[in-house]
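Take a look at the letters that make up each chain.
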Amino acid sequence: FKRRHSKLINSSRLLYQEYSDVVLNKAIQSQKRVDYPEDIESSFPSSPRLRRKVLSPPDSYLQRLSVSSNASLWQDIPMIRGSRMLLNMSREEQRLQEAKFELIISEASYLRSLNVAVDHFQRSAELQAMLTNQERQWLFSRLSDVRDVSASFLFDLEEKFEEDMFTFHVCDVALKHAPDFRRVYLPYVTNQTYQEQTFQRLLNGNAGFQQVLERLESDPVCQRLSLKSFLILPFQRITRLKLLLQNILKRTRPGSEEEVQATQAYDALEKLIKDCNENVQRMKSTEELIYLSQKIEFECKIFPLISQSRRLVKCGELTALDFNNLSPKWKVTTRPIYLHLFNDCLLLSRPKEGGRFVVFDHAAFSDVRGEKCEMKLHGANKNVFRLFLLQNYFTRLLSLTLNPVMFSSSEKLRWISALAPPRGEPDLLECPDAPQVQCIKTYKARENDELALEKADIIMVMQYSNDGWMEGVKLSDRERGWFPSEHVENISSKHVRQKNLKEEQRVKNAKQQVFCKK
């Protein structure tokens, strides 16, 4: 790759982890505006907005690009600030250039962190001595290649910026580098499961690794940030890059060549992230199926459990309630039952010791329904739902009244939602009054029906439980799932909610225009 010295790489005192946190906190604050006119931009305050340091003539614009409590702004560059060109630009044009400049300056911060990850951690002789060849591969994967691609991308971005600092473009550069992103990010992200397992195993079972890691992490060069925070950067960056391109796309002039380039670059990143997620999900599903196949016995006819297209949607132990209608007091007897719900079938089992299961019935997913139960019960049996197997292994209708062992209303709702027929992608504009929340604290999904959240994600809420869980759809990628309410906060402004939906529709319209022409 091009080995030209980057002028922006050392312009920031912050590593990408902290830079990203500053930017995401700013995005969160922008959603908290109660109500504001259409012409006020929440992301980029109008000039003059900060008390600026007076620069001596020798100071260059590159020396100005240091990130402290605020992210660096394009309008802060001395050549830009106060220029006639800037004064002649509309607010929308200024916002567009700010959005493009954020992509460049954030890539510089990201590359700086990657340099620390590779040079300080991966190439540490002490750390290398603690690892086998296989452990090195699983722990660091293609991190050096990710760093090289980022450096090449940043150098091309800088060249574009230096050619014309007022009307520079970045989306054509992102589109040009999209094949390189795919070449390095797809294997790196796919390796995520092995990386996490290897890191945890080394941390818990290798005292030498732990001691060396503590010394490396205490070095000022990594600003006391953990190795793990560096290893997850590529996952975070590729998602953030897509959102930065989306932010640029929203501000391009409809029908312009720049809109076409922004749409194509955004679409390339969106497909890459989708493929990354599918690869990770496929590997996880295969491991789950292999593990389950060793734990499951079939009382009814055996069918092969392991399949490339099969994935586990939800599983758990429940209590089946049997009602004796002959008794005047409706005597209820209970028995344990375990459900394994896959995307194509449902297994009903009796749990045994040692985490084993005996399958006594199964049905195709299309023949399964879950419904709320209107029966009023008290105590531990109040959060019940009905499970219907329209056709099961015995080719007959089976109806069960089930109660989650956890006795929570959220578990009941999550089972009913998981058992619902497949839903198409929601039309967000059909739900203009639906509540929206934004993530204020990262959430890592623990179960297959949960939604992983990153700070500043905006989610349209579909339903609530009374014990602190929500089901929602992320606006950025239409992913649906459950998440704890303590990780989000409500977006109270109707204007902000409408603006969020309008911007998502703007992206959708641009994609239809660009790709329908082909």
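Counting from 1, residues in each chain are numbered in the order their sequence is written. Under the rules for a predicted model, residues below a pLDDT of 70 receive no local features and side-chain atom pairs below 80 are neither given nor counted, while totals for whole chains, interfaces and linings still include all residues. Hydrogens and water molecules were not included; the side-chain quantities draw on all heavy atoms of the structure.

Caption draft 1: Region of the structure containing the side chain of Glu450. Relative to the elements of secondary structure, Glu450 occurs in the loop between strand 9 (436–439) and strand 10 (458–464). At 2.9 Å, the side chain of Glu450 and the side chain of Arg414 are in polar contact. Runs of H or I in DSSP of at least four residues are treated as helices and runs of E of at least two as strands, each being numbered from the N terminus. Any pair of N or O atoms that falls within 3.5 Å is considered a polar contact. Within protein, one atom must be able to donate a hydrogen and the other to accept it, and sequence-neighbouring residues count only if both atoms are side-chain atoms.

Caption draft 2: Spatial organisation of helix 12 (residues 233–251). For helix 12, which comprises 19 residues, the first-to-last C-alpha distance of 27 Å matches the rise-based estimate of 27 Å (1.5 Å per residue) to within 8%. The buried label applies to any residue whose accessible area, calculated with a 1.4 Å probe on protein chains only, is under 20% of its type's maximum; exposed applies above 50%, and partly exposed to all values in between. Taking burial as the measure, the 19 residues of helix 12 include 16 buried ones, the bulk of the element. The span you would expect from a helix comes to 1.5 Å times its residue count less one.

Caption draft 3: Highlighting the packing of helix 4 (residues 91–122) against helix 7 (residues 143–163). Running from N to C, helix 4 and helix 7 point in directions that differ by 150°, and their axes come no closer than 9 Å. Taken together, the axis directions place helix 4 and helix 7 in an arrangement best described as roughly antiparallel. The way helix 4 lies across helix 7 gives a crossing that is left-handed. Of the residues assigned to the contact of helix 4 with helix 7, the class counts are 16 nonpolar, four polar and three charged. Whenever a helix is involved, its axis is fitted only over the stretch in contact; in every case the axis is a line through C-alpha atoms, and angles between N-to-C directions fall within 0 to 180 degrees. What sets the label is the angle itself: under 35 degrees gives roughly parallel, over 145 gives roughly antiparallel, 65 to 115 gives roughly perpendicular, and the rest give oblique. For any helix crossing, the convention is left-handed if the near helix is rotated counterclockwise from the far helix by under a right angle, and right-handed if that rotation is clockwise. Here the nonpolar group is Ala, Val, Leu, Ile, Met, Phe, Trp, Tyr, Cys and Pro; Asp, Glu, Lys and Arg are the charged ones; every other residue, Gly included, is treated as polar.

Caption draft 4: The arrangement of the pattern of salt bridges in detail. A carboxyl oxygen of Asp or Glu within 4 Å of a side-chain nitrogen of Lys or Arg is what we treat as a salt bridge. Taken as a whole and assessed by the stated rule, the structure comprises 36 salt bridges. For the salt bridge of Arg95 with Glu92, the shortest nitrogen-to-oxygen distance reads 2.3 Å. Of this pair, Arg95 and Glu92 both sit in helix 4, separated by three residues, roughly a single helical turn. Arg350 is the partner of Glu299 in a salt bridge, and the nearest nitrogen-oxygen pair spans 2.2 Å. Residue Glu299 is located in the loop between strand 1 (296–298) and strand 2 (312–324), and its partner Arg350 is located in strand 4 (residues 345–351); the two are separated by 51 residues in the primary sequence. Counted as one network, the salt bridges with shared partners bring together Lys314, Glu411, Arg414, Glu447, Asp449 and Glu450.

Caption draft 5: Inspection of the sheet that holds strand 9 at higher detail. We call two strands paired when DSSP finds no fewer than two bridges between them. Ordered in space as 12-11-10-9-13, the five strands form an open sheet in which the pairing is antiparallel. In this open sheet, the two edge strands, each paired with only one partner strand, are strand 12 (480–484) and strand 13 (488–490). In this sheet, adjacent strand axes meet at a mean angle of 45° when their direction is disregarded. Relative to strand 10, strand 9 is paired through three bridges, and the arrangement is antiparallel. Within strand 10, the residue paired with Gln436 across the bridge is Met460.

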